[in-house]
Amino acid sequence: MELVKTIAELRGAVDDHRRAGRSIGLVPTMGFLHRGHLSLVVASASANDITVTTIFVNPLQFAPDEDLDAYPRDPEGDAEKAAAAGSDYLFLPEPAEMYPEESLTTVTVAALSAGYEGESRPTHFAGVSTVVAKLFNIVGPCRAYFGEKDYQQLMIVRRMARDLDFRVEVIGCPTCREADGLALSSRNKYLRDPERSAAPVLHRALEAGAHAIRGGEADPAKVRNLMAQMVREEPLARLDYVDVVDSRTLEPVAVCDESNRLIGAAYFGRARLIDNMAVRR
Ligand code: PAF
């Protein structure tokens, strides 16, 4: 695997591969790679000739009071893992390479970015869409792999690619979980032992909601209350939100059905964790 630090180098390399008729897969990450990220690299490597993994802890998507400086980093370990999973290039730019001067241009995917994560983190998705738009422009036509764990992000990036005619096929990959259901996330590192034991309650609550809908419950308020109650009963959890939404528009539904998505976020100590699940198995 080749380590690349500059935009010009990466562009040159992928352009050469494309000219030689090779397909390109892109896996954007913020590093501290876990099994979830590596499943994206494996998916890309199995469907494309060349896989580019990017690691960039994007300052634009962190609010001033968030964990930008504390965000876990392990570039050497990440390089080994990405190479072993089948990545051909690791793009590891410095912030000054991505943002040589204050960026005056921001990409916003309006309605999809407003609720849920967007409400709790008002500047987050503009930062995500902007950096992903830059990565799509740098890498050019490709398939790009994102985890379903960040479901709202996946919907936003997919819509952005369509609205702005990027020649990028956005591919969503299933959430990887621990044996007790906890979704893999770099932020799980912040959990102290008791919080780690408590954290799967979010997944269990979403499962209970999905089970209720599959059993015929059509009232979203009842499903919401059921899920919220379960999270609130866990003393180490502080609920942010749970809801039943349209799986494409992320609008809250008036009547539940099996095409819906269940989404939730909760704090466990200093870790704010999110999760989601399709109602249909
Ligand atoms: O999901 C992430 O790790 C980030 O939001 C992404 C997509 C790499 C953009 O910085």
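Our subject is the structure that appears above.
Residues numbered from 1 in each chain as written. Predicted model: local features only at pLDDT ≥ 70, side-chain atom pairs only at ≥ 80, totals over all residues. Heavy atoms only, no water.

Participant: Looking at this model, I keep getting lost on the pattern of salt bridges. Mind explaining?
Facilitator: Between side chains of opposite charge, a pair can form when the charged atoms approach closely. Taken as a whole and assessed by the stated rule, the structure comprises 16 salt bridges. A salt bridge links Arg18 to Asp15; the nearest nitrogen and oxygen atoms lie 3.0 Å apart. One end of the pair, Arg18, and the other, Asp15, are both in helix H1 (residues 7–19), three residues apart, so they sit about a helical turn from each other. The exposure class of Arg18 is partly exposed, given its relative accessible area of 23%. A relative accessible area of 30% means that Asp15 is categorised as partly exposed. Of the charged contacts in the structure, one is a salt bridge between Arg35 and Glu178, with a shortest N-O distance of 4.0 Å. Taken together, the residues span a long stretch of sequence, with Arg35 in helix H2 (residues 35–47) and Glu178 in the loop between strand S6 (168–173) and helix H9 (193–198) at a distance of 143 residues. Given the relative accessible area of 46%, Arg35 is considered partly exposed. Connected through shared salt-bridge partners, Glu117, Asp240 and Arg272 make up one network. (Salt bridge = Lys/Arg side-chain N within 4 Å of Asp/Glu carboxyl O. Helix = DSSP H or I, 4+ residues; strand = E, 2+ residues; numbered from the N terminus. Buried < 20%, exposed > 50% of the residue type's maximum accessible area, 1.4 Å probe, protein only.)

Participant: How should the packing of aromatic side chains be read in this particular structure?
Facilitator: For any pair of aromatic rings, geometry is given as the distance between the ring centres together with the angle between the planes. Across all of its chains, the model carries five aromatic pairs by this definition. Residues Phe62 and Tyr71 carry aromatic rings whose centres are separated by 5.8 Å and whose planes lie at 80° to one another, so their mutual orientation is edge-to-face. Exposure class is identical for Phe62 and Tyr71. Each is buried. By way of ring pairs, the aromatic residues Phe136, Phe146 and Phe166 are connected into one cluster. Against the face of Tyr267 rests Arg238, its NZ or CZ located 4.2 Å from the ring centre. (Phe/Tyr/Trp six-rings, centres within 6.5 Å; stacked < 30°, edge-to-face > 60°. Lys NZ or Arg CZ within 6 Å of the ring centre and 35° of its normal.)

Participant: Help me understand the site of the ligand in this model?
Facilitator: The environment of the ligand is made up of Pro28, Thr29, Met30, Asn58, Gln61, Val128, Val131, Phe146 and Gln153. Within the side chain of Gln61, one N or O atom sits 2.6 Å away from an oxygen atom of the ligand. Side-chain polar atom of Gln153 to an oxygen atom of the ligand: 2.7 Å apart, as the coordinates give it. In isolation the ligand has 290 Å² of accessible area, and contact with the protein removes 90% of it. Within the residue set of the shell around the ligand, elements represented by two or more residues are strand S2 (24–29) and helix H7 (124–139). (Near = heavy atom within 4 Å. Polar contact = N/O pair within 3.5 Å; in protein donor to acceptor, adjacent residues only side chain to side chain. Areas by Shrake-Rupley, 256 points an atom, 1.4 Å probe, with all protein chains shown as cover.)

Participant: Honestly, the sheet that holds strand S9 (residues 271–278) in this entry has me stumped. Any pointers?
Facilitator: Across a sheet, strands are paired by hydrogen bonds formed along the backbone, either parallel or antiparallel in direction. Strand order in the open sheet formed by three strands is S7-S8-S9, with antiparallel pairing between adjacent strands. Among the strands making up the open sheet, the edge pair consists of strand S7 (237–245) and S9. Neighbour-to-neighbour, the strand axes of the sheet open up by a mean angle of 10°, direction not taken into account. Of the strands in this sheet, S7 and strand S8 (261–268) touch helix H11 (residues 220–232), which is tilted by about 160° from S7. (Pairing = 2+ DSSP bridges. Axes fitted to C-alpha atoms, helices over the stretch in contact; angles between N-to-C directions. Contact = heavy atoms within 4.5 Å.)

Participant: It is not clear to me how the packing of H1 against H7 should be interpreted in this structure. Could you clarify?
Facilitator: Helix packing geometry: the angle between the two helix axes and the distance between the axes. Contact geometry of H1 with H7 gives a least axis separation of 8 Å together with a crossing angle of 50°. The orientation of H1 relative to H7 falls into the category oblique. Together, Ile7, Leu10, Arg11, Val14 and Arg18 of H1 and Asn137, Ile138 and Val139 of H7 make up the contact between the two elements. Partitioned by chemical class, the residues of the contact of H1 with H7 number five nonpolar, one polar and two charged. (Parallel < 35°, antiparallel > 145°, perpendicular 65-115°, else oblique. Nonpolar A, V, L, I, M, F, W, Y, C, P; charged D, E, K, R; others polar.)

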